[in-house]
Amino acid sequence: MRQALPIFIELVKTLPNIIVLYILTILFSIPLGILGALAYTGKNKIIKFFISVYTWIFRGTPLMLQLMVVYYGIPLMKIGGYKIVLEPYTAATITFIINYAAYLVEIMRSGIESIEKGQHEAAKVLGYSYWQKIIYVILPQAIRRVLPTLGNEAITLIKDTSLIYVLAVTEVMKRTKELANIYYNITPYICAIIIYLVLSFAIDRL
């Protein structure tokens, strides 16, 4: 047990990578998810088709595979004669944003479509423009209805950050494996469990 404190401290040092990835994913995926849901519930069939294909691909394939494709696969392709090479953390951030935006499109779409037709008509009677109706009437109600699902996604996201170890990015799981090999006992894994439970509890309460 004397090893627990230094191991715990070593794992806590990796948290900034996780927290920054978490915050960036939320900041960018939520607006993209909302815009995608609004476009999907619109009347343009071409846009709806492309969004449905996008959500189908990113919701139907493992996040780990997507990480590998973005980091290892893109450099194998030459776009416009140029080879694009991404830093591991950049590749992870881009992949997480695109992946979670796909899930949020479907979640927000269900919320928007659950709003009664009378709400749309009432906003029209009040003289609201399309965007005023969306911002002041539809979205607040839609978000409230899908809030439990969004909460589950927020907790899932903190656990999914452990997947970036496949890109050799230093985070809790990667450091846990390294420490387990050094100390050759279960203590690093127990410390990792505690860290993830605390993070999940904090996000759930928030």
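Residues numbered from 1 in each chain as written. Predicted model: local features only at pLDDT ≥ 70, side-chain atom pairs only at ≥ 80, totals over all residues. Heavy atoms only, no water.

J.: Break down helix α2 (residues 15-40) for me, with residues and values.
T.: Note that an α-helix has 3.6 residues per turn; residues three or four places apart therefore point the same way. A rise of 1.5 Å per residue sets the reference length of α2, with its 26 residues, at 38 Å; its end C-alpha atoms lie 36 Å apart and thus fit the reference within 8%. By the largest-angle criterion, S29 marks the main kink of α2, which is about 25°, and a proline, P31, follows within four residues. Those residues of α2 that fall on the buried side of the exposure criterion are L15, I18, L21, Y22, T25, S29, G33, I34, G36, A37, L38 and Y40. Tucked into the core, α2 has its buried residues touching α1 (4-12), α3 (45-60), α5 (88-113), α7 (130-160), α8 (172-183) and α9 (187-205). (Helix = DSSP H or I, 4+ residues; strand = E, 2+ residues; numbered from the N terminus. Expected span 1.5 Å × (residues − 1). Bend = angle between axes of the 7 residues up to and from the residue. Buried < 20%, exposed > 50% of the residue type's maximum accessible area, 1.4 Å probe, protein only. Contact = heavy atoms within 4.5 Å.)

J.: Tell me about the nonpolar core, residues and numbers included.
T.: One finds L11, L67, F96, L167 and V172 to be the most contacted residues of the largest nonpolar core, which totals 31 residues. Elements represented by at least two residues in this core include exactly α1, α2, α4 (63-73), α5, α7, α8 and α9. Among the elements that take part in this core, α9 stands out by supplying six residues, more than any other. Once residues within four sequence positions are removed from consideration, L67 is found in contact with A92, T95, F96, L163, I164, V166 and L167. Membership of the second largest hydrophobic core comes to 15 residues, among which are I115, A123, L139 and V146. (Core = buried A, V, L, I, M, F, W, Y, C linked by side-chain atoms within 4.5 Å.)

J.: Can you break down unusual backbone geometry residue by residue, with the values?
T.: Negative phi is the rule for most residues except glycine; trans is the rule for most peptide bonds. A positive phi angle, close to 65°, is found at A168, a residue other than glycine. Under the relative-accessibility criterion, A168 is labelled exposed at 55%. With phi around 55°, Y184 is a residue other than glycine that occupies positive phi space. Along the polypeptide, Y184 turns up in the loop between α8 and α9. Look at Y184 and you get exposed, because its relative accessible area is 75%.

J.: Can you break down α4 residue by residue, with the values?
T.: Within α4 the residues assigned to the buried category are L63, Q66, L67 and V70. Relative to the axis of α4, the buried residues are bounded by an arc of 105° and lie together on one face. Looking at the buried side of α4, the elements it contacts are α3, α5 and α7. (Arc of directions from axis to C-beta.)

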